[in-house]
Every structure is written in C-alpha cells, then in structure tokens.
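Here are the chains, one letter per residue:
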Amino acid sequence: GQQLNQSPQSMFIQEGEDVSMNCTSSSIFNTWLWYKQDPGEGPVLLIALYKAGELTSNGRLTAQFGITRKDSFLNISASIPSDVGIYFCAGPGGTDKLIFGTGTRLQVFP
Amino acid sequence: GAVVSQHPSRVICKSGTSVKIECRSLDFQATTMFWYRQFPKQSLMLMATSNEGSKATYEQGVEKDKFLINHASLTLSTLTVTSAHPEDSSFYICSARQGAWGSEQYFGPGTRLTVT
C-alpha cells in the first residue's frame, strides 16, 4: 500500500535556527497536507498544497509540492519554543481518506 | 469555527469492560467522520470512516465487532471499544469533514484510553 516516509525522524535545534523536513511517497499524490500535533492533542492543519511545484507560506512556515509529485518539503524559519511538536505530512490514501506520514519530532532549545 | 470535541479526554477502564468515546462537531454539520488510533511515538492510523446514517467502513485489520461506530447524527459519532484489553490502550482521535473529499478534516483533541 501507499507509504509516506518523513525525514528526519527527529530534530533537536536551538531557538532561532531554520528547520527543513521532507516527506516522500511511494506513489504520486495530487494533494499534500502538513499538520502539527502538540503533545496530547489532535493534529492541526498548517498548509495544504494542490499543485506540483506549488510553494505556499503560512507565517514562518513554507511548504512545497515536489515537481515529481512524490515528495513535499516543509521549512520553518527562525524557530521558537512553541514550534515544538510532531509534524506530519498527509495525502489522499484512496477514496475518501487520508494517510499520514511517519512524523518528524521537533525539539527547540532556548 | 470548525471545532471538534471529544469526550472523555482520558479514560481508564478494566480489562473486559466497554468504553464509549464521543466525537462532536460543534459548529458545523459533518457528513463524514473518521476515527484514528495513535500508539506512542507512532503516526495516526485510520481505523474507520463513517457517514451519517450508514454503516462505518473499516480499514483492513480493524475488527468491526470490537470497535463499534455509530454516526447517528450530523454532529455526533461514537466509538465503543468492546471487551477492552490492555493492547487497546492508545490515543484515539476523531476528525470531521463538512463537505465532500477535498474539504478539510478537522481533528478532535483525542482521547487517551488506558486499559488495566
């Protein structure tokens, strides 16, 4: 079945640093979604991408829909402590459902 | 807008008992609701999809007789874990979607189930 692999698995960075993470799929996607999950909470949608090559920003976050349609990237600039959490990519997993990536756990140190 | 609530947020039950978890869309009508399970340090895994007034569609490997889903109204879906066992301990998250595929799914805050 379809799989979404995220890299890196975890990141430990200092406040103020920029962050880059990516998500790759075993098959072509026509939609990429990026979510953030805080500890003990449900995920919250950060950015949605619908077109190959699309680059979309949401504040300090920027995500790109890869040209091959098999990958997507999320960048966070000038990280702050509240950026801590798990970042998931997601995409259509068939009719009427989403599949989630393996997640990237971000820890920000002051 | 687009708030989804879950109740309870945490529940501890004894092995062999049943537990019901509620998922409500507070300010919109959800034509479709989804139930996910998340084990520690793992991703969200879809358990089932439910449409109001019809039977839920379960993912492969999810026992429909063990995880009973009822989507009786456009704002409420319930997940009942029957005859719970310690291996059912997990974080259960629901999401709700207002429109057809392509519309955003809004996630609830999750329910932490611990079976002793």
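Here, the structure is the one placed above.
In this text, all values refer to a predicted model and were calculated from it rather than measured experimentally.

The rules behind each value
Residues numbered from 1 in each chain as written. Chains lettered and ligands numbered in written order. Predicted model: local features only at pLDDT ≥ 70, side-chain atom pairs only at ≥ 80, totals over all residues. Heavy atoms only, no water. Phe/Tyr/Trp six-rings, centres within 6.5 Å; stacked < 30°, edge-to-face > 60°. Helix = DSSP H or I, 4+ residues; strand = E, 2+ residues; numbered from the N terminus. Buried < 20%, exposed > 50% of the residue type's maximum accessible area, 1.4 Å probe, protein only. Pairing = 2+ DSSP bridges. Contact = heavy atoms within 4.5 Å. Buried area = accessible area lost by both parts, 1.4 Å probe. Salt bridge = Lys/Arg side-chain N within 4 Å of Asp/Glu carboxyl O. Polar contact = N/O pair within 3.5 Å; in protein donor to acceptor, adjacent residues only side chain to side chain. Nonpolar A, V, L, I, M, F, W, Y, C, P; charged D, E, K, R; others polar. Disulfide = S-S within 2.5 Å. Core = buried A, V, L, I, M, F, W, Y, C linked by side-chain atoms within 4.5 Å. Axes fitted to C-alpha atoms, helices over the stretch in contact; angles between N-to-C directions.

Undergrad: Would you take a moment to explain the packing of aromatic side chains for this structure?
TA: Aromatic rings in a pair are described by how distant their centres are and how their planes are angled relative to each other. For the structure on display, the rule yields 11 aromatic pairs over all chains. Both rings, one in Y35 of chain A and one in F100 of chain A, keep their centres 5.4 Å apart while their planes meet at 45 degrees; by these two values the pair is tilted. Of this pair, Y35 of chain A sits in strand β4 (residues 32-37) while F100 of chain A sits in strand β10 (residues 98-100), placing them 65 residues apart in sequence. Here the two residues Y35 of chain A and F100 of chain A agree in accessibility, since each one is buried. A ring pair is formed by F100 of chain A and F107 of chain B, whose centres lie 5.8 Å apart and whose planes are at 80 degrees; its orientation type is edge-to-face.

Undergrad: Help me understand the pairing of strand β2 (residues 10-14) of chain A in this model?
TA: Moving residue by residue along a regular strand, the side chains alternate between the two faces of the sheet. All names here are of chain A. The two faces of β2 differ: M11 and I13 on one face are buried, but S10, F12 and Q14 on the other face are not. With five bridges joining them, β2 and strand β11 (residues 104-109) adopt parallel strand pairing. When the bridges of β11 are listed, Q14 appears paired with F109.

Undergrad: What should I look at first to understand the interface of chain A and chain B in this one?
TA: Many analyses report the size of an interface as the accessible area lost when the parts associate. With 16 residues of chain A at the interface, the matching set in chain B holds 20 residues. Taken together, the two surfaces of chain A and chain B that pack against each other cover about 1,500 Å², and 56% of this comes from carbon and sulfur. Seen at the junction of chain A and chain B, the total is one salt bridge. For K97 of chain A, the salt bridge goes to E59 of chain B, with nearest N and O atoms at 2.7 Å. In this structure, the connection of chain A to chain B is made through three residue pairs in polar contact (both at pLDDT 80 or more). The residue makeup of the side of chain A that touches chain B, split by class, is seven nonpolar, five polar and four charged.

Undergrad: Is there a simple way to explain the state of the cysteines in this structure?
TA: Scanning the model with the defined rule gives two disulfides over all chains in all. Each sulfur in the disulfide pair C23 of chain A and C89 of chain A lies 1.9 Å from the other. Its S-S torsion of approximately 55 degrees makes the covalent link between C23 of chain A and C89 of chain A right-handed. In this pair, C23 of chain A sits in strand β3 (residues 19-25) while C89 of chain A sits in strand β9 (residues 85-92), placing the two residues 66 residues apart along the sequence. In this pair, the class of C23 of chain A matches that of C89 of chain A, namely buried. Two residues share a disulfide in this structure: C23 of chain B and C94 of chain B, whose sulfurs sit 2.0 Å from each other. Here C23 of chain B and C94 of chain B share a disulfide; its torsion about the S-S bond, 80 degrees, makes the bridge right-handed. One end of the pair, C23 of chain B, is in strand β3 (residues 19-25); the other, C94 of chain B, is in strand β9 (residues 90-97), and 71 residues separate them in sequence. No difference in accessibility class separates C23 of chain B from C94 of chain B, as the two residues are buried. Sulfur of C13 of chain B: no disulfide; nearest cysteine sulfur belongs to C94 of chain B and is 18 Å away.

Undergrad: I would appreciate a short explanation of the nonpolar core in the present structure.
TA: For soluble globular proteins, the rule of thumb is that nonpolar side chains tend to be buried together. W35, Y58, F67, I69, L79, Y92 and L113 of chain B are the most contacted members of the largest nonpolar core, which has 25 residues in total. The set of elements that each furnish at least two residues to this core consists of β2 (10-13), β3, β4 (32-38), β5 (45-51), β7 (67-73), β8 (76-81), β9 and β11 (111-115) of chain B. Residues M11, I13, Y87 and I99 of chain A belong to the second largest nonpolar core, which totals 22 residues.

Undergrad: Explain the sheet that holds β3 of chain A to me, please; I cannot follow it from the model alone.
TA: Think of a sheet as strands paired side by side through backbone hydrogen bonds, with each pair either parallel or antiparallel. Residue and element names in this part refer to chain A. Taken in spatial order, the five strands line up as β1-β3-β8-β7-β6 in an open sheet, and their pairing is antiparallel. The open sheet has two edge strands, β1 (4-7) and β6 (55-58), and neither has a second partner. Within the sheet, the average angular offset between the axes of one strand and its neighbour, ignoring direction, is 15 degrees. Both strand β7 (residues 61-65) and strand β8 (residues 71-76) contribute to a ladder of five bridges, which runs antiparallel. Residue pairing for β8: L61 is matched across the bridge by I76.

Undergrad: Could you clarify how one ought to interpret the side chain of Q6 of chain A in this entry?
TA: All names here are of chain A. Inspection of the secondary structure assignment puts Q6 in strand β1. Within the structure, the side chain of Q6 is placed 2.8 Å from the backbone nitrogen of G103, a separation counted as a polar contact. Each residue touching Q6, except ones within four places of it in the same chain, is listed here: N22, C23, W34, Y87, F88, C89, G101, T102, G103 and T104.

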